[in-house]
Amino acid sequence: MKKQILTAALLSLLSAGLTAAELTVAATPVPHGDILRLVAPDLKAQGYDLKVVEFSDFVSPNIALDAKEVTANYYQHKPFLDDAVKSRGLKIASVAPIHILPMAAYSKRVKSLNDLPKGARISIPNDPANGGRALLLLQSAGVIKLKDGAGATATPLDIADNPKRLRFTEVEAAQVPRTLDDVDVAIVNSNYALGVGLNPIKDSIYLENKDSPYAVVVACRLGDEQNPAVQALVKALTSPKVKEYMINTYKGGVVPVF
């Protein structure tokens, strides 16, 4: 009897030792949630049970990470992260770049930005990093000119030349695609475009340059950059399997940088 009890206790300890650690990652649904679910088996093989916590906005994933509610997040580009850290005093850091989501202009009313009428309405994200990115895209297309020195966090107040007298509507990034019926052009982040069935390559009227510095990163709490769980996540997301999936699934809407 005692032998049976000891054997059961030993088996229990062995089973506990084989239990995978939980790795929680905050993300927006498309494409980040989909890509994370793709690598769940790979993380399992490294000893981690992946739990994806999805958010529909750009603010909450960083708040959750800073509050230690998740281990890491995967959804934002580096300029957005830098601005969030600075403006909100968050203690989180970039670990590794994974891919670029090209920002693009979409319209149901014109076929080219050159066709915009005077006084046309343009919707852009209302956060500094993505709003500035949208304005830089419009500047690259030649429809506006920003003041000297205005860069990644430019706002409509930084427009120096606006010959078509374009009017700007600033809304939360996730809601920009839903303004397409009400504006002449919407400048949309690719993850939100993909989420409503828009492909940047096929459906946009103007696409961000491929040399964009806006690479989406894995982020963690400051000091956790070498955490084995975080490094396992980076390893899984930068595998040939993920690269092939991004290229074949999103057809240019998600561009791997590894």
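Residues numbered from 1 in each chain as written. Predicted model: local features only at pLDDT ≥ 70, side-chain atom pairs only at ≥ 80, totals over all residues. Heavy atoms only, no water.

### A short note on the overall build of the protein
Consideration 1: Helix and strand counts for the protein stand at 9 helices and 13 strands.
Consideration 2: Here the C-alpha coordinates of the protein stretch approximately 90 × 35 × 30 Å along the principal axes.
Consideration 3: Within the protein, residue pairs in contact and separated by at least 24 positions form 75% of the contacts whose partners lie at least 6 positions apart.
Consideration 4: Carbon together with sulfur atoms contributes 54% to the accessible area of the protein, which is approximately 12600 Å² in total.
Consideration 5: The average position of the 29 basic charges and that of the 26 acidic charges among the side chains of the protein differ by 3 Å. (Helix = DSSP H or I, 4+ residues; strand = E, 2+ residues; numbered from the N terminus. Contact = heavy atoms within 4.5 Å. Areas by Shrake-Rupley, 256 points an atom, 1.4 Å probe, with all protein chains shown as cover. Lys, Arg positive; Asp, Glu negative; His and termini not counted. Charge placed at Lys NZ, Arg CZ, Asp CG, Glu CD.)

### Here we look at the environment of asparagine 191
Consideration 1: Within the fold, asparagine 191 resides in helix H6 (residues 190-195).
Consideration 2: Along the primary structure asparagine 191 and glycine 253 are separated by 62 residues, whereas in three dimensions their C-alpha atoms are 8.2 Å apart.
Consideration 3: Excluding residues within four positions of it along the chain, asparagine 191 makes contact with Thr28, Val30, Pro31, His32, Phe58 and Leu101.

### Re the sheet that holds strand S11 (residues 206-207)
Consideration 1: Taking strand neighbours across the sheet as the criterion, the 5 strands line up as S9-S6-S10-S5-S11 in an open arrangement whose pairing is mixed. Both outer strands of the open sheet, strand S9 (167-171) and S11, are each paired with one neighbouring strand and no more.
Consideration 2: Across 5 bridges, strand S6 (residues 121-125) lies against S9 in parallel orientation. By the bridge assignment for S9, isoleucine 122 is matched with phenylalanine 168.
Consideration 3: Packed onto the sheet, helix H5 (residues 128-140) meets strand S5 (104-106), S6, S9, strand S10 (185-188) and S11 and runs at close to 135 degrees relative to S6. (Pairing = 2+ DSSP bridges. Axes fitted to C-alpha atoms, helices over the stretch in contact; angles between N-to-C directions.)

### Remarks on the pattern of salt bridges
A side chain with one charge may pair with a side chain of the opposite charge, provided their charged atoms come close.
Consideration 1: Taken as a whole, this structure holds 9 salt bridges when the rule is applied.
Consideration 2: Here lysine 108 ties to aspartate 181 by a salt bridge, and the two come within 2.6 Å at their closest N and O atoms. Of the two residues, lysine 108 sits in the loop between S5 and S6 while aspartate 181 sits in the loop between S9 and S10, which places them 73 residues apart along the sequence.
Consideration 3: Owing to a relative accessible area of 59%, lysine 108 belongs among the exposed residues under this scheme.
Consideration 4: Note that aspartate 184 is salt-bridged to arginine 109, the shortest N-O span being 3.7 Å. On the criterion of sequence distance, the pair formed by aspartate 184 in the loop between S9 and S10 and arginine 109 in the loop between S5 and S6 is long-range, its members being 75 residues apart. (Salt bridge = Lys/Arg side-chain N within 4 Å of Asp/Glu carboxyl O. Buried < 20%, exposed > 50% of the residue type's maximum accessible area, 1.4 Å probe, protein only.)

### With respect to the side chain of serine 204
Consideration 1: Turning to its location among the elements, serine 204 is positioned in the loop between helix H7 (200-203) and S11.
Consideration 2: Under the relative-accessibility criterion, serine 204 is labelled buried at 17%.
Consideration 3: A polar atom in the side chain of serine 204 sits 2.5 Å from the backbone oxygen of proline 200.
Consideration 4: Residues within four places of serine 204 in sequence aside, it is in contact with Ala104, Ala105, Tyr106 and Asn199. (Polar contact = N/O pair within 3.5 Å; in protein donor to acceptor, adjacent residues only side chain to side chain.)

### As for helix H4 (residues 78-88)
Consideration 1: Taken as a whole, H4 has its buried residues at Phe80, Leu81 and Ala84. Around the axis of H4, the buried residues are gathered within 100 degrees of arc, so they sit on the same side.
Consideration 2: Those residues of H4 hidden inside the fold are in contact with helix H3 (60-66), strand S3 (72-77), strand S4 (92-100), H5 and strand S12 (215-221).
Consideration 3: Where H4 ends, the next residue or the one after it, glycine 89, has phi of about 65 degrees, a positive value. (Arc of directions from axis to C-beta.)

### A few points about the sheet that holds S12
Consideration 1: Pairing in this open sheet of 6 strands is mixed, and the strands run S2-S1-S3-S12-S4-S13 from one edge to the other. At either end of the open sheet lies a strand with only one pairing partner, and these are strand S2 (48-54) and strand S13 (255-256).
Consideration 2: Sheet topology note: the S3/S12 ladder contains 5 bridges and is antiparallel. Considered in S12, the bridge of alanine 72 is made with cysteine 220.
Consideration 3: Helix H2 (residues 29-45) rests against strand S1 (21-27), S2, S3, S4 and S12 of the sheet, and its axis sits at about 170 degrees to S2.

### Observations regarding the confidence of the model for the protein
Consideration 1: Here the protein averages 92 in pLDDT, while 93% of its residues score no lower than 70.
Consideration 2: Across residues 2-17 the pLDDT falls below 50, and counting only partners more than four positions away or on other chains, this stretch makes 0 contacts in the model. (pLDDT = per-residue confidence, 0-100.)

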